[in-house]
Amino acid sequence: MKSKFFAAFAVLAVSVLFALPAQAIPLVSNLASTHDGDFGGSPDSADDFMTGSVALNITSIDIFWDLANGGTNNQVGIFADNGGIPGITQVGGWFTNPTAITANTLISYVGDVTLAANTVYWMVVDILDASQVGFTFNQVVFSDASTQGATINGPNPGSAFGDAQAGNWTNDRANLLYALNGVAVVPEPGALALLGLGLAGMGLARRRKKI
């Protein structure tokens, strides 16, 4: 009877570990930087960032649009790094928002992707309506402590402009203005304690079976 109890407790502990509620917050951002200008709406624009020592679950990306063409089809995605430019490998799906773009507007694009720790990625703005993304030369980066070191512009300086579909990119020294929102994928201490108890319970249950 006790072995069944410990086994059930172990399952509960593991379930709690992976079902902990977490509220999305700004994880890494440079939106506090001075706004210096904008990238033309054709071609596409991109900016690199690097995760810290924990994985990140990104649920929305905020983009500052400097100039607008009134379109609603722009989308934002995260792509793997390819030697200092965006690669053709997209991580997860597109982040979208049906809202029409207006000048000097911050728009949040919604999606869901989990990124590996200590990895360089590119935030790519797929521009389909000739609107223009704002940029800064004097970047001020905010990085939430939960990311354990995430930053905008890891080993690569500035941003890039090119074609998201073709994968043709040219580096630029300006930085796009944006924010990545979500949660750091870090188990809570209480959940880790439950997991430890659960694993111990599973071990005890197996031991009792052998006796």
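Just so we're clear, the structure is a prediction, and the values are computed from it rather than from any experiment.

J.: Please set out the pairing of strand β13 (residues 159-163) residue by residue, giving values where relevant.
T.: For strand β3 (residues 44-50) and β13, the ladder comprises four bridges, and the chain directions are antiparallel. The residue bridging alanine 46 from the neighbouring strand is alanine 160, located in β13. In the sheet, β13 pairs with strand β14 (residues 168-172) via five bridges, with the strands oriented antiparallel. Opposite alanine 160, over in β14, you have asparagine 171 as the bridge partner. Where β13 folds back onto β14 in an antiparallel hairpin, the turn is made up of four residues, including glycine 167, whose phi is positive at roughly 80°.

J.: Give a detailed account of the packing of aromatic side chains, specifying residues and quantitative values.
T.: Under the defined criterion, the tally for this structure stands at four aromatic pairs. Here the aromatic cluster, defined as three or more aromatic residues joined through ring pairs, consists of Phe39, Phe135 and Phe137.

J.: Quick rundown of the environment of isoleucine 78? Include the residues and the values.
T.: Within the secondary structure, isoleucine 78 is located in strand β5 (residues 75-81). On the basis of relative accessibility, which here comes to 0%, the residue isoleucine 78 falls in the buried class. For the pair isoleucine 78 and phenylalanine 95, spaced 17 residues apart in sequence, the C-alpha separation works out to 8.7 Å. With near-sequence residues (within four places) excluded, isoleucine 78 lies in contact with Phe49, Ile58, Ile61, Thr89, Gln90, Val91, Val113, Leu115, Tyr121 and Trp122.

J.: Residues and numbers for the side chain of aspartate 62, please.
T.: Mapped onto the fold, aspartate 62 is located in strand β4 (residues 56-67). Buried aspartate 62, no salt bridge; nearest opposite-charge side chain is arginine 173, N-O distance 25 Å. Here the side chain of aspartate 62 touches serine 108 through a polar contact of 3.0 Å, side chain to side chain. Within the structure, aspartate 62 has its side chain in polar contact with the side chain of asparagine 181 (distance 3.0 Å). If sequence neighbours within four positions are ignored, aspartate 62 has contacts with Leu31, Leu106, Ile107, Ser108, Leu177, Tyr178, Ala179 and Asn181.

J.: I'd love a proper account of the nonpolar core, names of residues and values included.
T.: Formed by 32 residues in total, the largest nonpolar core has its most connected members in Phe49, Ile58, Ile61, Ile63, Trp65, Ile78 and Met123. Every element with two or more residues in this core is listed here: β1 (25-29), β4, β5, β8 (105-115), β9 (120-126), β10 (132-136) and β16 (178-184). Ranked by the residues each element gives to this core, the list is headed by β4, at five residues. Aside from chain neighbours lying at most four places away, what touches phenylalanine 49 is Ile78, Leu115, Thr119, Val120, Tyr121, Trp122, Met123, Thr151, Ile152, Asn153, Tyr178 and Leu180. The next biggest cluster of nonpolar side chains, apart from the first, holds seven residues, and it includes Ala46, Val124, Ala160 and Trp169.

So, how was this worked out
- Residues numbered from 1 in each chain as written.
- Predicted model: local features only at pLDDT ≥ 70, side-chain atom pairs only at ≥ 80, totals over all residues.
- Heavy atoms only, no water.
- Pairing = 2+ DSSP bridges.
- Helix = DSSP H or I, 4+ residues; strand = E, 2+ residues; numbered from the N terminus.
- Phe/Tyr/Trp six-rings, centres within 6.5 Å; stacked < 30°, edge-to-face > 60°.
- Buried < 20%, exposed > 50% of the residue type's maximum accessible area, 1.4 Å probe, protein only.
- Contact = heavy atoms within 4.5 Å.
- Lys, Arg positive; Asp, Glu negative; His and termini not counted.
- Salt bridge = Lys/Arg side-chain N within 4 Å of Asp/Glu carboxyl O.
- Polar contact = N/O pair within 3.5 Å; in protein donor to acceptor, adjacent residues only side chain to side chain.
- Core = buried A, V, L, I, M, F, W, Y, C linked by side-chain atoms within 4.5 Å.

Remember, this is a structural readout, not a statement about activity or role.
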